[in-house]
Amino acid sequence: MADFWKQLKKPIIGLAPMDGVTDYPARQIQIEVARPDILFTEFVCVEFLSARPEKLKRRIYFGENERPLVAQIFGHTPSAFAGIVEKIAASGFDGLEINMGCPSRNVTKSGGGGALIGNFKLAGEIIRATIAAIESTKKNIPLSVKTRIRESQTATREWFSFLAGFPFSAITIHGRILKQCLSGPVDWPAIEDAAEIVKSKGILCLGNGGITSLTEAKEKCVAHKLDGILIGKAAVGNPWIFKENYKPDIKEILDTVVRHGELAQEFYGERNFSAVFKHFNGYVRGFDGCKQLRMELLKSKNIDEVKKIIHGFVEFEKERSIELAEPGVAAG
Ligand SMILES: Cc1cc2nc3c(=O)[nH]c(=O)nc-3n(C[C@H](O)[C@H](O)[C@H](O)COP(=O)(O)O)c2cc1C
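Residues numbered from 1 in each chain as written. Predicted model: local features only at pLDDT ≥ 70, side-chain atom pairs only at ≥ 80, totals over all residues. Heavy atoms only, no water.

A. View of the layout of surface pockets. Here the largest pocket defines a volume of roughly 670 Å³. Of the residues forming the lining of the largest pocket, the biggest block, three residues, is contributed by strand β6 (residues 143-148). In terms of residue class, the lining of the largest pocket is made up of 14 nonpolar, 12 polar and six charged. Estimated volume of the second largest pocket: approximately 260 Å³. Elements supplying a minimum of two residues to the lining of the second largest pocket: α10 (250-268) and α11 (277-283). Of the residues belonging to the lining of the second largest pocket, the class tally is seven nonpolar, four polar and three charged. (1 Å grid on protein atoms, 1.4 Å probe; cavity = no way out; pocket = protein on both sides within 12 Å on 5 of 7 lines; lining within 4 Å. Points joined across faces, edges and corners; volume = space filled by probe spheres on them. Helix = DSSP H or I, 4+ residues; strand = E, 2+ residues; numbered from the N terminus. Nonpolar A, V, L, I, M, F, W, Y, C, P; charged D, E, K, R; others polar.)

Shown next as structure tokens:
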């Protein structure tokens, strides 16, 4: 298998993996609206995937139109990492990524995600087990890691010198320390420092954290000598962020709400329709009447209700604009 990372044009601007967000319907919407250079699945727990593979079918489902698509995995047991490599490679993913940056207590309490930062022994065992398993599949699926900077510059350098000793194709660096979780200032100089170490070993380096536009992403790549950027939260409810200087009108937003709802219902069924609410919450912002509309959408049970709510909103807005345009009313 050719290493797709090497074929990507720089700067590589991708959609960051987000649990509960970058599922199949959202990735499809993202592609329809504006295709990022690379997409990731939500992360998948290797221990759980080994024990209950049927439960995780949806999380590793993808369409051919999503390539290049990377499956992201997390966990704390080297043998469980090794055990699922075959499955991931056989599913046809273009790449495999280990998460070493998640701050959630559910993940770190057993030693996985961000708890691996600085745990050279376990991190090394996981990486080596994963690499050996990849080699035995003969599929040569490229391996990457997503991690974070550490509290101090020295520790950051030590961590990235360690990681750069392995044959990763790419490393993404989130420029926040673990206890910041997902918000607060992003330390771009620390990312740049770490990137220098990573790139000196021929490994691609992507930065991540707090980016709010495509222009800003490209500027950060130049300013901090990065091969690319992953955009996270700012893309939730705003897939248009991957278009340069583009703002959708209300019609486009509402059409996307409906389209996303259709895909969510097809994928999750009515039972889990609420999986799309995070996106509805992001889409319906910044225009007159959005608060009421958002509240109604967040109570919808299926796509038919969504369509009814949107139709009602459009009709109401039409009437309101006619009223406003009537002589005497507008002037008043
Ligand atoms: C809801 C949510 C879920 C996330 N899930 C993952 C995940 O599964 N894997 C991962 O590596 N990072 C995950 N992240 C972190 C993002 O990939 C990204 O590193 C972080 O949000 C910082 O980028 P941003 O400031 O552009 O959002 C998640 C973030 C959010 C907001």
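B. Representation of helix α7 (residues 153-163). All buried positions along α7 are accounted for by A155, T156, W159, F160, F162 and L163. What you see down the axis of α7 is that its buried residues fit within an arc of 155 degrees, all on one side. Along its buried surface, α7 packs onto β5 (95-100), α6 (120-137), β6, β7 (170-174) and α8 (188-200). (Buried < 20%, exposed > 50% of the residue type's maximum accessible area, 1.4 Å probe, protein only. Arc of directions from axis to C-beta. Contact = heavy atoms within 4.5 Å.)

C. Fine view of the side chain of T22. The topology assignment puts T22 in the loop between β1 (12-15) and α2 (24-33). Overall, the relative accessible area of 2% leaves T22 in the buried class. The contact partners of T22, leaving out residues within four places of it in the chain, are L15, A16, P17, R27, F40, T41 and E42.

D. The arrangement of the site of the ligand in detail. Among the 16 residues in the neighbourhood of the ligand, the closest are listed as P17, D19, Q72, N208 and G210. A distance of 2.6 Å separates an oxygen atom of the ligand from a polar atom in the side chain of N208. The backbone of G210 places a nitrogen or oxygen atom 2.6 Å from an oxygen atom of the ligand. Contact with the protein chains covers 89% of the free accessible surface of the ligand, which is 610 Å². Judged by the proximity of its atoms to the pocket grid, the ligand belongs to the largest pocket. The residue makeup of the shell around the ligand, split by class, is five nonpolar, seven polar and four charged. (Near = heavy atom within 4 Å. Polar contact = N/O pair within 3.5 Å; in protein donor to acceptor, adjacent residues only side chain to side chain. Areas by Shrake-Rupley, 256 points an atom, 1.4 Å probe, with all protein chains shown as cover. Sits in = over half its atoms within 2 Å of the grid points.)

E. Local environment of the side chain of S300. Position of S300 among the secondary structure elements: in the loop between α12 (290-297) and α13 (303-325). A polar atom in the side chain of S300 sits 2.7 Å from the backbone oxygen of L297. Excluding anything up to four places from it in sequence, S300 contacts F273, F277, F280, E305, V306 and I309.

F. Examining the pairing of β6 more closely. The element β6 is largely enclosed, with a buried count of six among its six residues. Residues L143, V145 and T147 of β6 are buried on one face, and the alternating residues S144, K146 and R148, pointing to the opposite face, are buried as well. In this structure, β5 lies alongside β6, joined through five bridges in parallel fashion. For I98, the partnering residue across the bridge sits in β6 and is V145. Two elements, β6 and β7, share five bridges in a ladder whose sense is parallel. Residue pairing for β7: K146 is matched across the bridge by T172. (Pairing = 2+ DSSP bridges.)

G. α12, seen in detail. Within the sequence span of α12, burial applies to C290, L293, R294 and L297. With its buried residues spanning 100 degrees around the axis, α12 presents them on a single face. Structurally, α12 contributes buried residues whose contacts are with α10, α11 and α13.

H. Examining unusual backbone geometry more closely. Cis rather than trans, the peptide bond between K10 and P11 has omega equal to -5 degrees. With respect to the secondary-structure elements, P11 resides in the loop between α1 (4-7) and β1. Geometrically, the link from R67 to P68 is a cis peptide bond, its omega value of -5 degrees lying close to zero. Checked against the element boundaries, P68 lands in the loop between α3 (46-51) and β4 (69-74). Unusually for a residue other than glycine, N140 sits at a positive phi of about 55 degrees. Mapped onto the elements of the fold, N140 is located in the loop between α6 and β6. We classify N140 as exposed; its relative accessible area is 52%. One non-glycine residue, K225, lies in positive phi territory at about 55 degrees. Examined against the element boundaries, K225 turns out to sit in the loop between α9 (214-223) and β9 (228-231).

I. Structural context of the environment of R157. Along the chain, R157 falls in helix α7. Through-space distance from the C-alpha of R157 to that of V198 is 9.8 Å; in sequence the pair is 41 residues apart. Apart from the residues lying within four places of it in its own chain, the contact partners of R157 are D193 and I197.

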